[in-house]
Amino acid sequence: MFQDNFLWGASTSAFQVEGGFGQGGKGIATTDVRPKKVGIADTKVASDHYHHWKEDVHYMAQLGLSVYRFSFNWSRILPDGKNINYEGLQFYHQLIDECLKYGIKPFPTLYHFEMPQALVDNYGGWKSRQCIEDFAYYAETCFNEFGKKVDLWASINEMMVVTSAKELTGNISSFGDEARKEMYLMSYHMSLAEKRVIRIFRKLVPSGKIGHVCAMQTIYPASPKPEDIQASMSAKDFLQNCFLDMSVYGRYPQYYIHYLQEKGWLPEQSEADKELLQSEHPDFIGVNYYSSSCIRAVLPEDDLSKLPPFYQNENFTITNNPHISMQNEWMVSGIDAKGLYLGIRDLYERYHLPIIITENGLAYSDELSNGCINDDYRIEYLDAHIQQCKRLREEGYPLFGYCTWSLLDLVSSHQGFKKRYGLIYVDRTDEEVKDCRRILKKSFYWYQNRIKEGMN
Ligand code: BG6
């Protein structure tokens, strides 16, 4: 599969596009009950893909996509985490069949930030080893159901982001060190769960491929000072290597082990765990990339408590990169297409696996002008990043596909609907759902032509 034609795609995730709250037997998800932020869209209607799926696939075909990356709503398939909802399975059968009708390869992710709230209520979700069993059952259900039609799968999306986002894991009551300890424990359970799922996959979908999706970290040290170099190495270990080393090699980076041991936070590892971790491996790595980061050593006056939990680490902190520009209100780390190239080179040399870009895109508060969206800023961003993909391919890196984020405007993971990434405009706002009419942006037509041009 990896040697076939380059895959041109676009991505979404279920809780960010589907809506269909309470419909078709869907259960309540962690993402449905997140504390509501004033003036920010929730997931109840989202982009109303639940009612527009056919039209959306039609647009994918018009674009000329060869792959569609989406995710299953765990809570649509197993509303309470235990019992199968056949209507939910049917929804995905229709979607997959419609993609296949147009020659678009369906590429589902099993876990993209969303799970049945019942599992959190019952035992704390990923905090408990029971979640490994329940995730394995969910994955097995999906492989049995769709494994004959779908041969490209992703296991878990961005462990770094999800384990630290309380409103996504549903474990909202702990703070400070207790929350950090939980974050590392949940991450360990997810790594084990991924391995269990890969083991099942090998039996049920023997000719398929399954990969791990990471939030790729292209990290620049703020200066050549040894302290900053060390900080940037630590950042890489805590933000990326700990997840990918586990996925690919079944072990944690040494400094990560040392740090967690010192804190008393290193999860217990049984012999059976070790055996499982070492014996199963993904076939490829999915890369989500939006921008790079610049890292320096922590200074005594730094207040880390305001940073996202994965940056609340005394080994490193994030700082501005004076060499990266073109920021808009949403792309706060700036825009750095070359960072995609550098990150993938690095990733490949550590893991030696084929790579697909599973997410890459520009957030902007697009506004309709005479019924159109002339999003030249997005075209510029996509073009610059695709050029880096071309370069990687020319240099022989096994990059087998590119999926832009996102196919259509959707609810941002935590910033509502004003922050738009789509090639297709969805006519709604944070406050008003309206009719969610689809309007093709200028970037849609640009991407359509870029796909025709091909890779190499
Ligand atoms: C990735 C996620 O972290 O980035 C997506 O996989 C998310 O789900 C995307 O939407 C962009 O982030 P945000 O916070 O702008 O939605």
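Residues numbered from 1 in each chain as written. Predicted model: local features only at pLDDT ≥ 70, side-chain atom pairs only at ≥ 80, totals over all residues. Heavy atoms only, no water.

Structural notes on unusual backbone geometry
We count it as follows: We count a stretch as a helix when DSSP gives it H or I for four or more residues in a row; a strand needs E for two or more, and each element gets its number in order from the N terminus. Note on classification: 1.4 Å probe, protein chains only; a residue is buried when its accessible area is under 20% of the maximum for its type, exposed when over 50%, partly exposed between these limits.
Of the consecutive residues W405 and S406, the connecting peptide bond is found in the cis state with omega at 10 degrees. For H352, which is not glycine, the phi torsion reads 50 degrees and is therefore positive. Here H352 lies in the loop between α13 (337-351) and β10 (355-359). A relative accessible area of 47% means that H352 is categorised as partly exposed.

Observations regarding helix α15 (residues 442-453)
Where we set the bar: By definition here, a helix of n residues has an expected span of 1.5 Å times n minus one. Contact definition: two residues touch when any of their heavy atoms are within 4.5 Å.
An ideal rise of 1.5 Å per residue puts 16 Å on twelve residues; α15 measures up with 17 Å between its terminal C-alpha atoms. Here α15 has its buried residues at S443, F444, W446, Y447, Q448, R450 and I451. Buried-residue contacts for α15 involve β1 (7-11), α2 (49-63), α14 (376-394), β11 (399-405), β12 (424-427) and β13 (437-440). At the exit of α15 stands G454, carrying a positive phi of roughly 85 degrees.

Re the sheet that holds strand β4 (residues 152-157)
Rules: Strands pair, by our definition, only if DSSP identifies at least two bridges between them. A fitted line through C-alpha atoms represents every axis, and for helices the fit uses only the stretch in contact; the resulting angles, taken between N-to-C directions, go from 0 to 180 degrees.
The strand order around the closed barrel built from eight strands is β1-β2-β3-β4-β5-β7-β10-β11, with neighbouring strands paired in parallel fashion. Shown here is a sheet whose adjacent strand axes are inclined to one another by a mean of 25 degrees, direction ignored. Pairing geometry for β10 and β11, over three bridges, is parallel. Looking at the pairing, I357 lines up with Y402 of β11. Against the sheet, α15 engages β1 and β11, with an angle of about 160 degrees to β1.

Notes on the site of the ligand
To be explicit about the condition: Neighbouring residues are identified by heavy atoms, a residue being near a molecule or strand if any of them is within 4 Å of it. By the criterion applied in these results, polar contacts are pairs of N or O atoms within 3.5 Å in which, for protein atoms, one can donate a hydrogen and the other can accept it, and in which residues neighboring in sequence qualify only through two side-chain atoms. To be clear on the numbers: accessible area is Shrake-Rupley with a 1.4 Å probe, and residue cover counts the displayed protein chains and nothing else. When residues are sorted by character, Ala, Val, Leu, Ile, Met, Phe, Trp, Tyr, Cys and Pro go into the nonpolar class, Asp, Glu, Lys and Arg into the charged class, and all the rest, Gly among them, into the polar class.
Inspection of the region around the ligand gives 14 residues, with Q16, E158, S413, K419 and Y421 positioned closest. A distance of 2.6 Å separates an oxygen atom of the ligand from a polar side-chain atom of S413. A distance of 2.6 Å is found between an oxygen atom of the ligand and a side-chain nitrogen or oxygen belonging to K419. Protein contacts shield 93% of the accessible area of the ligand, which totals 370 Å² for the unbound molecule. Per-class residue counts for the shell around the ligand are four nonpolar, seven polar and three charged.

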